[in-house]
Amino acid sequence: MAPCPPPRRRRRPPPPPPPRRAVRCDARRRAKKCTQQRVFTAFVVGVVSQCAGGAFARAPRASMHPPLTLENHPKCREVVIAFKRCHDTNPIGKVFGACNDEKWALDACLREQKLWKARENLSRARASNERLKERRRREEDGD
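To start, this report covers the structure provided alongside it.

About the criteria used
- Residues numbered from 1 in each chain as written.
- Predicted model: local features only at pLDDT ≥ 70, side-chain atom pairs only at ≥ 80, totals over all residues.
- Heavy atoms only, no water.
- Core = buried A, V, L, I, M, F, W, Y, C linked by side-chain atoms within 4.5 Å.
- Buried < 20%, exposed > 50% of the residue type's maximum accessible area, 1.4 Å probe, protein only.
- Helix = DSSP H or I, 4+ residues; strand = E, 2+ residues; numbered from the N terminus.
- Contact = heavy atoms within 4.5 Å.
- Disulfide = S-S within 2.5 Å.
- Expected span 1.5 Å × (residues − 1).

**Observations concerning the nonpolar core**
Judged by nonpolar contacts, L68, C76, V80, F83, L106, C109 and L110 together constitute the single largest core of seven residues. Of all the elements in the fold, those that place two or more residues in this core are α2 (77–89) and α3 (100–142). Among the elements that make up this core, the one with the highest residue count is α3 (three residues). Residue contacts for L68: discarding those within four places in its chain leaves H73, V80, F83, K84 and L106.

**Comments concerning the state of the cysteines**
For the coordinates displayed, the defined rule picks out two disulfides. Each sulfur of the disulfide joining C86 and C99 lies 2.0 Å from the other. Here the S-S torsion is close to -95°, and the disulfide linking C86 with C99 is therefore left-handed. Here C86 is found in helix α2, whereas its partner C99 is found in the loop between α2 and α3, with 13 residues between them in sequence. The pair formed by C86 and C99 is uniform in burial state, with each residue classed as buried. Counting only the cysteines that take part in disulfides, in the order they occur along the protein, gives the pairing 1-4, 2-3.

**A short note on α3**
Helix length check: α3 (43 residues) gives 62 Å between terminal C-alpha atoms against 63 Å at 1.5 Å per residue, within 8%. Residues of α3 that are buried include every one of K103, W104, L106, D107, C109, L110 and Q113, and no others.

Below is the structure:
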């Protein structure tokens, strides 16, 4: 008589894959053209933009720009005009990223203008402080 075969073991099914997480395209990844698939949901405007294989990339920050009056932004005049022209020519496309390049250029220009303005204010404040110190020195010597 032949020996009995060993009892059969039931194989467990493989575990399900982990859920995909939404990953934001930060400035460094945007520079690398977003090589992986990313999804960013912009709750502020209620639009879902997808970053798949470098097709679309999210701006470095999701905040609004200040009011774009030309007299308030003398250093960014051309960029502001290009951004407004893009929004005028693409009324629906601006929601889906047609004006992203202009927006990023505008953000960079506004950032540079902010730094320039801060440097100018600092130099004016230092000059004012020097005048004030000199005035106090003269008043102390005069007493």
